[in-house]
Amino acid sequence: MKNYLIIGAILFSTSAIADTLTILNSGSKTGGFSMQSTAYSQDLSDDFDITLVNPGDRCVALGNLLPKINSPVLMPWASDYEAVGRDGGCVKFDINSAIVLRYDSAPLFVCSRGGDIAKDSGRVAHTVPANGPLARVVREFNIEFSTKHKPVVYDGSGDARLALLNGEVDYALLSKKHVMVVTETDSTINCDQSLASAGPNSLPAMTGNPKLAFGWDMTWMALNMTQEQADELKLRMMEKHLNCSSAIGIWTKCNSVYTTRWDLDQTEINSRWEPMVESQR
């Protein structure tokens, strides 16, 4: 709750608010960034003239579209995207060049249709890229457990989730949001094991292998805005998150999906962001 106390400390004039806002989805068309971008486009439409741009491809979003937009932009970016970009992928983005409004952390969970990831080899669903950080996690499973898991790559988390529900795969590597959906849909699916660095049912902690640790850090950033405009946008976003009946409130299940921080300064952001990015390279 303390993350919302900042609301009372910020004062704005109505002239500070930007008239237009482009929400640029940097993720796939079926994943969490896409769903949240759509939710924000609905929730913020009373305050801004919204343009939702959803190419479903970060190479297109950042490589082709973002350089052409000179007006205010709200855009998400993830640590695993950045890791791939730094390793020679199509795009990378310096979050210090933008104003970070919202910072999320989310561990990865191993969801199973009944098998034991440490014993029973099978097909493991994860999201693109095919040779990215999640593919390395599957390879690490095989090294640690002497298994022969086969990675199956999907464009977005929604597709990976659906593949698990449909029985196309035996396991899926999913965030908490998708864990909640699959376990509510099919009670036989188990997602108890996590790739958090510590805690209950943590595979890295149980095995003593830090290479099994994996999670995502995610940012929502303001671009082409003054600090005052960015602060006003953050205030409007926080108000919508406080309303569990808003589109973003519903998607985040009343802010239970991620550990979200609104009050980190740039030093704190970098102290979290850089180690997470480097761990995924």
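If you're wondering where the values come from, they're calculated on a predicted model, not measured in any experiment.

### Comments concerning the sheet that holds strand S5 (residues 109-112)
As a general point, the strands of a sheet are linked pairwise by backbone hydrogen bonds and lie either parallel or antiparallel.
Here's step 1: Reading across from one edge, S7-S6-S8-S5-S9 is the order of the five strands in this open sheet, with mixed pairing throughout. Only two strands of the sheet have a single neighbouring strand rather than two, namely strand S7 (150-154) and strand S9 (190-194). The mean inter-strand angle of the sheet, taken between neighbouring strand axes irrespective of direction, is 30 degrees.
Here's step 2: Pairing of S5 with S9, which is carried by three bridges, proceeds in the antiparallel orientation. The residue of S9 that forms the bridge with Ser112 is Asn190.
Here's step 3: Strand contacts of helix H4 (residues 133-145): S5, strand S6 (123-127), S7 and strand S8 (171-174), with the helix running at about 155 degrees to S6, the strand carrying the most contacts.
Here's step 4: Each of S5, S6, S7 and S8 touches helix H5 (residues 157-166); the most contacted strand, S8, lies at about 150 degrees to it.

### Notes on the nonpolar core
Here's step 1: If you look at the biggest cluster of nonpolar residues, it comprises 67 residues, and the most contacted ones within it are Leu74, Phe93 and Phe141.
Here's step 2: With six residues, strand S10 (residues 215-223) is the single largest residue contributor to this core.
Here's step 3: Residues contacting Leu74, with those up to four places away along its chain left out, are Leu21, Thr22, Ile23, Leu24, Tyr40, Leu44, Leu101, Trp220, Met221, Leu233 and Met237.
Here's step 4: Judged by nonpolar contacts, the second largest core, of 15 residues, contains Cys111, Val152, Val169 and Cys191.

### Let's talk about H4
Since the α-helix packs 3.6 residues into each turn, any two residues three or four apart lie on the same face.
Here's step 1: Between its terminal C-alpha atoms H4 stretches 18 Å, which fits the 18 Å expected from 13 residues at 1.5 Å a residue.
Here's step 2: Regarding H4, the residues found buried are Pro133, Leu134, Ala135, Val137, Val138, Glu140, Phe141 and Phe145.
Here's step 3: In the segment just after H4, Ser146 is the residue with positive phi, at about 60 degrees.

### Let's talk about the confidence of the model for the protein chain
Here's step 1: For the protein chain, the mean per-residue pLDDT works out to 91, and 94% of the residues sit at or above 70.
Here's step 2: Segment residues 1-15 is flagged for pLDDT under 50; beyond a separation of four residues in sequence, or across chains, it makes 21 contacts in the model.

### Brief notes about helix H8 (residues 227-242)
Here's step 1: Taking 1.5 Å as the rise per residue, H8 with 16 residues should run 22 Å; its terminal C-alpha atoms sit 22 Å apart, in good agreement.
Here's step 2: Those residues of H8 lying buried are Ala230, Glu232, Leu233, Lys234, Leu235, Arg236, Met237, Met238 and His241.
Here's step 3: On its buried side, H8 packs onto strand S1 (20-24), helix H1 (32-43), strand S3 (73-78), strand S4 (99-107), S10 and helix H9 (247-251).

### Observations concerning the environment of Val124
Here's step 1: Note that Val124 resides in strand S6.
Here's step 2: Distance in space between the C-alpha atoms of Val124 and Gly89 is 23 Å, their sequence separation being 35 residues.
Here's step 3: With near-sequence residues (within four places) excluded, Val124 lies in contact with Ile117, Val138, His149, Lys150, Pro151, Val152, Tyr171 and Leu173.

### Thoughts on the environment of Ala172
Here's step 1: Turning to its location among the elements, Ala172 is positioned in strand S8.
Here's step 2: For Ala172, a relative accessible area of 0% translates into the label buried.
Here's step 3: In this structure the C-alpha to C-alpha distance between Ala172 and Val152, which are 20 residues apart in sequence, comes to 9.0 Å.

### Side note on the packing of aromatic side chains
For any two aromatic rings, the description comes down to two numbers: the centre-to-centre distance and the angle of the planes.
Here's step 1: Evaluation of the coordinates by the stated rule reveals eight aromatic pairs.
Here's step 2: For the pair Trp77 and Tyr81, a centre-to-centre distance of 5.3 Å together with 70 degrees between the ring planes defines the contact as edge-to-face. Like Tyr81, Trp77 is buried.
Here's step 3: Cluster of aromatic residues (ring-pair linked, three or more members): Phe33, Tyr40, Trp77, Tyr81 and Trp220.
Here's step 4: Arg58 extends its terminal NZ or CZ atom over the ring of Tyr81, reaching a point 4.2 Å from the ring centre.

### A word on the sheet that holds S10
Here's step 1: The strand order across the open sheet built from six strands is S2-S1-S3-S10-S4-S11, with neighbouring strands paired in mixed fashion. Edge strands, defined here as strands with exactly one partner in the open sheet, are strand S2 (49-53) and strand S11 (259-261). Between one strand and the next, the sheet's axes are offset by a mean angle of 20 degrees, whatever the strand orientation.

Parameters at a glance
Residues numbered from 1 in each chain as written. Predicted model: local features only at pLDDT ≥ 70, side-chain atom pairs only at ≥ 80, totals over all residues. Heavy atoms only, no water. Pairing = 2+ DSSP bridges. Helix = DSSP H or I, 4+ residues; strand = E, 2+ residues; numbered from the N terminus. Axes fitted to C-alpha atoms, helices over the stretch in contact; angles between N-to-C directions. Contact = heavy atoms within 4.5 Å. Core = buried A, V, L, I, M, F, W, Y, C linked by side-chain atoms within 4.5 Å. Buried < 20%, exposed > 50% of the residue type's maximum accessible area, 1.4 Å probe, protein only. Expected span 1.5 Å × (residues − 1). pLDDT = per-residue confidence, 0-100. Phe/Tyr/Trp six-rings, centres within 6.5 Å; stacked < 30°, edge-to-face > 60°. Lys NZ or Arg CZ within 6 Å of the ring centre and 35° of its normal.

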